[in-house]
Amino acid sequence: MNNDYPQRVAQIYDQCMSEYDYEKAAFLISKIINDNNLPDSRLLEIGVGTGLLAEKLNRNGWKIEGLDRSMEMLKKCRERIPEMNLYHQNILNFGKEKKFDCIVSHAGPLRMDYTKEKGCFLETYLTDRIQLEKAISSISKSLTEKGIFILSIQHPAICTKELSAPSLKKFKNGYVATTEIIEEAGERIKIRRFINPQNKVLLEVRHSFFVFKLCQLEKIFKKHNFGELIFDKSGKFCYVIKN
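*Asks:* Which residues make up the sheet that holds strand β13 (residues 237-241), and what values do they have?
*Replies:* As summarised here, the arrangement of the seven strands in space is β3-β2-β1-β4-β7-β13-β12, forming an open sheet in which the pairing is mixed. Pairing within the sheet leaves two strands with one partner each, and these edge strands are β3 (86-88) and β12 (230-231). For strand β2 (residues 63-68) and β3, the ladder comprises three bridges, and the chain directions are parallel. Within the sheet, the bridge partner assigned to Gly66 lies in β3 and is Leu86. Contacting β1 (42-46), β4 (100-105) and β7 (143-152), helix α5 (residues 129-141) crosses the sheet at an angle of about 135 degrees to β7.

*Asks:* How would you sum up the environment of Glu123? Please name residues and give values.
*Replies:* Structurally, the position occupied by Glu123 is in strand β6 (residues 119-124). For the pair formed by Glu123 and Asp113, sequence separation is ten residues and the distance between their alpha carbons is 6.5 Å. In contact with Glu123, not counting residues within four places along its chain, are Pro109, Leu110, Arg111, Asp113, Gln154, Arg188, Lys190, Phe209 and Phe210. Separated by 2.5 Å, the side chains of Glu123 and Arg188 make a polar contact.

*Asks:* Could you give me a rundown of the packing of α5 against helix α7 (residues 214-223), with the residues and numbers involved?
*Replies:* In contact at an axis separation of 10 Å, α5 and α7 are set at 45 degrees when each is read in the N-to-C sense. It follows that α5 is oblique to α7 by the angle criterion. Helix-helix and strand crossings are classified by hand; for α5 and α7 the assignment is right-handed. When α5 is examined against α7, the residues Arg129, Leu132, Glu133 and Ile136 are found in contact with a partner set consisting of Gln216, Leu217, Ile220, Phe221 and Lys223.

*Asks:* So what's going on with the packing of aromatic side chains? Which residues, and what values?
*Replies:* Within this structure, the stated rule accounts for five aromatic pairs. Every member of this aromatic cluster is reached through a ring pair, and the members are Tyr87, Phe94 and Phe100. The ring of Phe100 is capped by Arg42, whose NZ or CZ atom sits 4.9 Å from the centre of that ring. Above the ring of Tyr125, the side-chain terminus of Arg69 is found at 5.0 Å from the ring centroid.

*Asks:* Requested: an account of helix α3 (residues 52-59), with residues and values cited.
*Replies:* With six of eight residues buried, α3 lies mostly within the body of the structure. Burial in α3 covers these residues: Leu52, Leu53, Ala54, Glu55, Lys56 and Leu57. Where α3 terminates, the next one or two residues include Gly61, which has phi positive at roughly 100 degrees.

*Asks:* Tell me about the pattern of salt bridges, and please be specific about residues and values.
*Replies:* Following the criterion strictly, the structure yields 15 salt bridges and no others. We note a salt bridge from Glu72 to Lys75, for which the minimum N-O separation is 3.6 Å. Of this pair, Glu72 and Lys75 both sit in helix α4 (residues 71-80), three residues apart, which is roughly one turn of that helix. The class of Lys75 is partly exposed, set by a relative accessible area of 45%. For Arg193, the salt bridge is made with Glu204, and the minimal N-O distance between the two is 2.9 Å. Of the two residues, Arg193 is situated in strand β10 (residues 187-195) and Glu204 in strand β11 (residues 201-213); the sequence distance between them amounts to eleven residues.

*Asks:* Please set out the pairing of β7 residue by residue, giving values where relevant.
*Replies:* Counted residue by residue, β7 has seven buried out of ten residues, so it is predominantly covered. Pairing analysis gives five bridges linking β4 to β7, with the strands arranged parallel. Within the sheet, the bridge partner assigned to Cys102 lies in β7 and is Ile148. By the bridge criterion, five bridges tie β7 to β13 in an arrangement that is antiparallel. Bridging across to β13, Leu151 finds its partner in Cys238.

*Asks:* Report on the pairing of β10, specifying residues and quantitative values.
*Replies:* Among the nine residues that make up β10, seven are buried, leaving the element largely enclosed by the rest of the structure. As judged from the nine bridges shared by strand β9 (residues 176-184) and β10, these two strands associate in the antiparallel manner. The residue of β10 that forms the bridge with Glu180 is Ile191. The pairing of β10 with β11 spans nine bridges and is antiparallel. Residue pairing for β11: Ile195 is matched across the bridge by Val201. Turn length for the β10-β11 hairpin, with the two strands adjacent in sequence and antiparallel, is five residues, and the turn residue Asn199 shows positive phi of about 65 degrees.

Quick notes on the rules
Numbers given to residues run from 1 along each chain, matching the order in which its sequence is written. Given that this is a predicted model, residues contribute local features only at a pLDDT of at least 70 and side-chain atom pairs are listed and counted only at 80 or more, while totals for whole chains, interfaces and linings are drawn from all residues. Note that water and hydrogens are dropped before the side-chain values are worked out from all heavy atoms of the structure. Strand pairing is assigned whenever DSSP detects at least two bridges linking the two strands. Each helix corresponds to a stretch of at least 4 residues labelled H or I by DSSP, and each strand to a stretch of at least 2 residues labelled E; elements are numbered beginning at the N terminus. Contacts: residue pairs with any heavy atoms within 4.5 Å of one another. Lines are fitted to the C-alpha atoms to define the axes, a helix being fitted only along its stretch in contact, and any angle between axes, read from their N-to-C directions, falls within 0 to 180 degrees. Contacts described as polar in this section are N or O atom pairs within 3.5 Å, which, within protein, must combine one atom able to donate a hydrogen with one able to accept it, while residues neighboring in sequence count only if both atoms come from side chains. Any angle from 65 to 115 degrees is called roughly perpendicular, while one under 35 is roughly parallel, one over 145 is roughly antiparallel, and all others are oblique. Crossing handedness: left-handed means the near helix sits turned counterclockwise from the far one by under a right angle, and right-handed means the same turn made clockwise. Here a Phe, Tyr or Trp ring, Trp counted by its six-membered ring, pairs with any other such ring whose centre lies within 6.5 Å, and the pair is stacked when the planes are under 30 degrees apart, edge-to-face when over 60, and tilted otherwise. Our definition puts a charge over a ring when NZ of Lys or CZ of Arg is within 6 Å of the ring centre and also within 35 degrees of the ring normal. Partly exposed describes any residue whose relative accessible area lies between the buried limit of under 20% and the exposed limit of over 50%, with all areas from a 1.4 Å probe on protein chains only and scaled to the type maximum. We define a salt bridge as a contact between a side-chain nitrogen of Lys or Arg and a carboxyl oxygen of Asp or Glu at a distance within 4 Å.

Now the structure itself:
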């Protein structure tokens, strides 16, 4: 991975992702929170990035704060939402002091995905079960009683049965994103290329993800005082409630 990766991603992220329907994502997250009787909630988005989703949640009236390991992404987020509390930290060592009613990981360090072969599974940047347990423990300690942890489903195939990570995605602004997936013994490698309207590759990013089965994930959630994993009817999100 190039040393200037975070800065290079931050520079073009909004160009490539601006057409994603963050308004709808914010609506669905708000609905989950309201349906679970948590009005006036304090929210934390982990992996907040440049704040594209946080901006919509903020406009919907939620008190939202953000965490990211990339300072360059947080700088962009600060420009978008100047009043927002931001934390340049890793989810592994965050928490304990401040409490939130809802924590959201939208294509963040923890996310769900789907393939026909595997079904639904957790995909994460974290490198092993020890780190995953530490992250979920940190999330649990940062939530109030009956607080909610919401995870996005990268490709909402629970309802549509589509394949994970389409290999080619075209945006209305002329940008193209391609994805190549390599599966290696419990590790998923995604190589993403962002191409501008002039057919120039602006950025190539190689992500290594570790995969955990639902049964493994549910055991860890239970160990850290969460209830059963609930899949939202939209197929775009799932969540657990702290006991």
